[in-house]
Every structure is written in C-alpha cells, then in structure tokens.
Amino acid sequence: MTEHDERGTTMNGVDPGRLDDQQLMKELETIHRTRHDTLLYGSNDALRAHNHRMAQLEGEYLRRNPRRTVASGRTREGARDRAPGSPAPTAPPGVT
C-alpha cells in the first residue's frame, strides 16, 4: 500500500515528507481527532490504514523536530513526582 504515483501520493495520502510544516500539522490534528471513532467503529482494514498513516505522519513530525519541547510532567520521572490524583500537565506555553 505504499505504491507512489507520479505526484508523490500513496493510497493513504500525500507522502508526509512532501508536506510543508503547516500541512503536516493539519494532517496530524485531523488524524488524532478521528482516531477514537476509527478505533471504535472502523473496520479492521480502516484501523490498519489509520495506524499506518498515523505512524507515517508522527514519524515525519519527529524527524523534523528532534529537539521538540518535552513537558517534564510527561516523563516517567515527572509523573512520579505528581501528587496522586492530580491531572497530567498541559502542553508548555506556546506549544499546541
């Protein structure tokens, strides 16, 4: 399912490496928003395609942002430091 046509698309959409940063973020937002419904109501084939596309998009994001901001509360150590029952921290300011 990774055959490319002459425009750099696959059966699951445009190759993430061909997206600009804004397009990549839009694709990531969309796939994360649709994840829950795909898991609950999608066919096995739809879920496999969703998993594959999500991995492609997230992999490209990580490749482009190897030094992205990591909130301390989102690490194992940070989670251990939280008081029991307290919510996980939100993204740092400026990170969406």
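See the structure shown above.
Residues numbered from 1 in each chain as written. Predicted model: local features only at pLDDT ≥ 70, side-chain atom pairs only at ≥ 80, totals over all residues. Heavy atoms only, no water.

*Asks:* How do you make sense of the pattern of salt bridges when you look at a structure like this?
*Replies:* For side chains bearing opposite charge, pairing can occur when the charged atoms are close. All told, the structure shown has five salt bridges when counted by the stated rule. Asp-45 is the salt-bridge partner of Arg-48, the closest N and O atoms lying 2.5 Å from each other. With Arg-48 and Asp-45 both in helix α2 (residues 44-64) and three residues apart, this pair spans about one turn of that helix. Residues Glu-60 and Arg-64 are paired through a salt bridge, measuring 2.7 Å at the closest nitrogen-oxygen approach. Linking Glu-60 with Arg-64, this pair stays in helix α2, spanning four residues, or about one helical turn. (Salt bridge = Lys/Arg side-chain N within 4 Å of Asp/Glu carboxyl O. Helix = DSSP H or I, 4+ residues; strand = E, 2+ residues; numbered from the N terminus.)

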